[in-house]
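Residue-level structural notes
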Amino acid sequence: MSFYIKKYITYLTIFAESVALSLCQQHGNTFNKFRRFFSIRIVRSVGGTVKLVGSIDSDTDILIANHQSMADIFALEEVLGNDVRFIGRTGIMDKWPVSRIVDMVGHITVDQKDRRAIIKLLKDVKACKGKKVVIFPEGTRSQSGKIEPFEAGTKVLVEKLQLKAQPVVIKNILSVYNESAKTAQTGVIEIEALPAITIENGWYEKTHRDMNELFLIK
C-alpha cells in the first residue's frame, strides 16, 4: 500500500510540474525555480533524501551515471541544479507524465532504431555546450545488483567531442523506491562522484570497472 500511495503522489507531482512549467517562460527564473522545487519534491515523495559524496567539477561537460529508476533523474537534478540535460531513449522519455517536461526542458532523446541516431546525438550534445549533460551508458535500467556493460555510444560521444567526463554512481535508490518490486521506504540516496576521466587507451572499460566496484561497496 505504501508503494502505491507514493507512486500516486510521485506521478501527481510530475504532472503538477509539467503544468507549472508550461505557464512560465522557458528557462526563465520562475521556470528554473519551479523545476528545482518539483525535482526535490519528487525525490521526497518516493521517500528519499539525497547525499552527495565527493564533488562535481564546475567545468565537467558530461556525467556518466548508472541507471536503476526514474527517480535517478530527479535525484541528480537535486544535486546538479537546473542547468542540466539528460539523454534518454525514446519510448521512455516520450511517455506521459515525463514527456511534457522533457520537451519543455530540452532533454535529449535517442531513437536506438535509427541508424543515424549517433549523428543526431553528437549535434544535440554539442548544442548543449556550457551545460552539464547526463548519460546512462547501460542503455536501460539495471536492477541486477550490478552495473551492466556499457553501450558504445557514450565512448564515441566523449571522444568525438573531446568532452570532460566525470563518472557518478547512484547507490541505494532501489532500497528507497523500487517500481519493479513495488516497494517503498524512507532512506538516503547516495550519489558519489569519481574524479574526472583522462581519455586514454582503455578509459571506457576502466570507468565501468571503477563504477561497478564503487557500486558494490555497501
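One can find the structure itself at the top, above this paragraph.
Presented here is an overview of the structure given in this document. Since the model is a prediction, treat every value here as computed from it, not as a measurement. (Residues numbered from 1 in each chain as written. Predicted model: local features only at pLDDT ≥ 70, side-chain atom pairs only at ≥ 80, totals over all residues. Heavy atoms only, no water.)

1. Considering the packing of aromatic side chains
We apply this condition: Aromatic rings from Phe, Tyr and Trp, with only the six-membered ring used for Trp, were paired whenever their centres fell within 6.5 Å, and each pair was classed as stacked if the ring planes differed by under 30 degrees, edge-to-face if by over 60, and tilted otherwise. Note on conventions: DSSP H or I runs of at least 4 residues are helices, E runs of at least 2 residues are strands, and numbering of each starts at the N terminus. Three labels apply to residues, based on accessible area from a 1.4 Å probe with only protein chains included: buried if under 20% of the type maximum, exposed if over 50%, partly exposed otherwise in between.
This structure, assessed with the given rule, holds 7 aromatic pairs. Centroid distance phenylalanine 34 to phenylalanine 38: 6.1 Å. Interplanar angle 40°. Geometry classified as tilted. Of the two residues, phenylalanine 34 and phenylalanine 38 both sit in helix 2 (residues 29-45), 4 residues apart, roughly one turn of that helix. Accessibility expressed as a relative area gives 10% for phenylalanine 38, which makes it buried. Pairing phenylalanine 86 with phenylalanine 136 gives two aromatic rings, centres 6.3 Å apart and planes at 15°, and the pair type is stacked. On the criterion of sequence distance, the pair formed by phenylalanine 86 in strand 3 (residues 84-89) and phenylalanine 136 in the loop between strand 5 (132-135) and helix 6 (153-161) is long-range, its members being 50 residues apart. An identical accessibility class is assigned to phenylalanine 86 and phenylalanine 136; each is buried.

2. As for the layout of surface pockets
Basically, it comes down to this: Cavities and pockets are found on a 1 Å grid laid over the protein atoms alone: a cavity is a set of points where a 1.4 Å probe fits but cannot escape, a pocket is an open set with protein on both sides within 12 Å along at least five of seven lines, and a lining residue has an atom within 4 Å of such a point. Grid points are joined across faces, edges and corners, and a volume is the space filled by probe spheres set on the points. Residue polarity follows a fixed list, in which Ala, Val, Leu, Ile, Met, Phe, Trp, Tyr, Cys and Pro are nonpolar, Asp, Glu, Lys and Arg are charged, and the others, Gly among them, are polar.
Empty space within the largest pocket amounts to approximately 820 Å³. Taken together, the elements giving at least two residues each to the lining of the largest pocket come down to helix 1 (2-22), helix 3 (71-80), strand 3, helix 4 (99-105), helix 5 (117-126) and helix 6. Here the lining of the largest pocket gets 4 residues from one element, more than from any other, and that element is strand 3. Of the residues that constitute the lining of the largest pocket, the class distribution is 23 nonpolar, 9 polar and 11 charged. Approximately 240 Å³ is the volume found for the second largest pocket.

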